[in-house]
Amino acid sequence: MTHAPPKDADARRAAPPVICYKPDTLYVPPLDLYRKARAASGETGRVIVPPREARCFRVTAGSFFRITCPEGAQVGDLNLFEARNLDEHFYSGKTRALHGSHLHVGQRLWSCLPYLRPMATLIEDSLDWYGVDDDGARVHDVIGTRCDPYTHHLLSGQDYHNTCHSNLTRALAEHLRKPLTEAETLVHDVLNVFMCTGFTHDTGQYFMKASPARKGDHIEFFAEIDMLGVLSACPGGDCGSEHSSDTAECHPLEVTIHSPPAGYLDGWYSPSYNRYSRRHAPG
Ligand SMILES: [Zn+2]
């Protein structure tokens, strides 16, 4: 410590926490409507993401996408874009501020400014039993950005090309037929599906531990808008030991798309852009 605390330091520390964004002012998504539509849905698409690789998928508004561990525990790093306007993409920071560090059923994935609208709603999570453990860890975080080759090189001096950042870059480049350098600028902070993470109590450092996912575990979303998704199967596997690794046991991930028949979503509308005037000045 280099600075003496003031006399009223304890009183200052005792100020009550105030939730920055109270969730009770957010529109509550109609989960019952979504679930009825999902129960009537048929599978309309399937993509397998090989270990240490990424793949793109498309999903239309009013459909569902499920991410499954078909063989065993595997962390996935997810990017989402509006299907025709890649400038609108997932905003992990504001999603974290609105909902918390880890996502639960009923919460939503929000798009970046100036769009700021729900892209997807989490409707099913087979790991919802995990809750919070004694280390303060939870599953499915919007904290951890993504593993990337730059941080890896910074810390190890080595080149490693199968980080989630590079996997997402290669998959986007191939899907969009763009050069790698152009595709790379589209990659953004992710939702870490199946990843088990927290902050250490003493130093506040971001930590990971082995994902509790087992074969068949899944997380599922309702698509509020038309989307291009990109999912990387992290080279850390269950992220129980290390990132950016060719030795961690890795598994594939599976994305399945499910679409309901007409009439099951009556009363639901794909959300419009945020209605702020964008004048940025009073008067
Ligand atoms: Zn990763």
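See the structure shown above.
Per chain, the residues get numbers from 1 upward, laid out in the order the sequence is written. For this predicted model, a pLDDT threshold of at least 70 governs which residues receive local features, and a threshold of 80 or more governs which side-chain atom pairs are given and counted, while totals over whole chains, interfaces and linings are taken from all residues.

A.B. asks: In this structure, what is going on with the overall build of the protein? I would like to understand it.
C.D. replies: Secondary structure elements follow DSSP: runs of H or I no shorter than four residues count as helices, runs of E no shorter than two count as strands, and numbering proceeds from the N terminus. Looking only at helices and strands, the protein has 6 helices and 12 strands in total. In this setup the radius of gyration rests on C-alpha atoms only. A globule is expected at 2.2 Å times the number of residues raised to 0.38. Over its C-alpha trace the protein gives a radius of gyration of 20 Å, about what one expects of a compact globule, namely 19 Å for 283 residues. Backbone-placed C-beta atoms define the burial measure: a residue is buried with 20 or more other C-beta atoms within 10 Å of its own, exposed with 12 or fewer, and partly exposed in between. Of all 283 residues assigned to the protein, the portion counted as buried reaches 41%. We call two residues in contact when their backbone-placed C-beta atoms lie within 7 Å. A sequence separation of at least 24 residues applies to 73% of the contacts in the protein between residues at least 6 apart.

A.B. asks: Got a minute to help me understand unusual backbone geometry in this structure?
C.D. replies: The phi torsion of most residues other than glycine is negative, and most of the peptide bonds are trans. Here Leu113 and Pro114 are connected by a cis peptide whose omega angle stands at 5 degrees. Following the sequence through the fold, Pro114 ends up in the loop between strand 5 (108–110) and strand 6 (118–125). Backbone geometry at Arg52 places phi at a positive 60 degrees, although glycine is not the residue there. On the secondary structure map, Arg52 appears in the loop between strand 1 (42–49) and strand 2 (54–59). We note that Phe194 has phi near 70 degrees; this positive angle belongs to a residue other than glycine. Mapped onto the elements, Phe194 comes out in strand 8 (residues 191–199). Exposure remark for Phe194: the 26 C-beta atoms within 10 Å place this residue in the buried category.

A.B. asks: Please explain the pairing of strand 6 as it appears in this structure.
C.D. replies: Extensive coverage of strand 6 is indicated by the burial of 6 of its 8 residues. Note: strand 5 against strand 6, 3 bridges, orientation antiparallel. Note that in strand 6 the partner of Arg108 across the bridge is Thr121. By this definition, two strands are paired if DSSP reports at least two bridges between them.

A.B. asks: Looking at this model, I keep getting lost on helix 2 (residues 31–39). Mind explaining?
C.D. replies: Because an α-helix packs 3.6 residues into every turn, residues spaced three or four apart end up facing the same way. Residues of helix 2 that are buried include every one of Tyr34, Ala37 and Arg38, and no others. Angularly, the buried residues of helix 2 cover 100 degrees about the axis, an arc narrow enough to put them on a single face. Exposed side chains of helix 2 directed beyond 90 degrees from the buried face belong to Asp32 and Ala39. The secondary structure elements touched by the buried residues of helix 2 are strand 3 (64–68), strand 6, strand 10 (218–223) and strand 12 (253–259). As used here, the arc belongs to the directions running from the helix axis to the C-beta atoms.

A.B. asks: How do you make sense of the sheet that holds strand 6 when you look at a structure like this?
C.D. replies: Within a beta sheet, neighbouring strands are joined by backbone hydrogen bonds and run either parallel or antiparallel to one another. The 6 strands lie next to each other as 1-12-3-10-6-5, forming an open sheet whose pairing is antiparallel. Each of the sheet's edge strands pairs with one partner strand only, and the pair in question is strand 1 and strand 5. Pairs of neighbouring strands in the sheet enclose a mean axial angle of 25 degrees, with direction left out of account. Each axis is a line fitted through C-alpha atoms, and for a helix only the stretch in contact is used; angles between axes span 0 to 180 degrees, taken between their N-to-C directions. Helix 2 contacts strand 3, strand 6, strand 10 and strand 12 of the sheet and is inclined by roughly 70 degrees relative to strand 6.

A.B. asks: How should the pairing of strand 11 (residues 227–233) be read in this particular structure?
C.D. replies: Successive residues of a regular strand alternate their side chains across the two faces of the sheet. Summarising burial for strand 11: 7 of the 7 residues are buried, a large majority. Along strand 11, one buried face is formed by Met227, Gly229, Leu231 and Ala233 and the opposite face, lined by Leu228, Val230 and Ser232, is buried too. Pairing of strand 2 with strand 11 involves 6 bridges; the strand directions are antiparallel. Counted as the bridge partner of Ala54 is Ser232 from strand 11. Here 7 bridges tie strand 4 (residues 76–82) to strand 11, and the two strands are oriented antiparallel to one another. Its bridge partner being in strand 11, Leu78 is matched across the sheet by Leu231.

A.B. asks: Before we go on, may I ask you to explain the environment of Asp141 in this structure?
C.D. replies: Counting through the fold element by element, Asp141 comes out in strand 7 (residues 138–141). Here Asp141 is in contact with Ser101, His102, Asn192, Met195 and Thr197, once residues within four sequence places are set aside.

A.B. asks: Whenever I open this one, the environment of His280 confuses me. Can you help?
C.D. replies: Residue placement: His280 occurs in the segment after strand 12. Given 6 C-beta atoms within 10 Å, His280 falls into the exposed group. For the pair His280 and Ser126, spaced 154 residues apart in the sequence, the C-alpha separation amounts to 43 Å.

A.B. asks: Quick question: what am I supposed to make of the environment of Glu249 here?
C.D. replies: Topologically, Glu249 is positioned in the loop between strand 11 and strand 12. On the basis of neighbour count, Glu249 is assigned to the partly exposed category, with 14 C-beta atoms found within 10 Å. When the C-alpha atoms of Glu249 and His201 are compared, they prove to be 29 Å apart, with 48 residues separating the residues in sequence.

In short, geometric facts, not functional conclusions.
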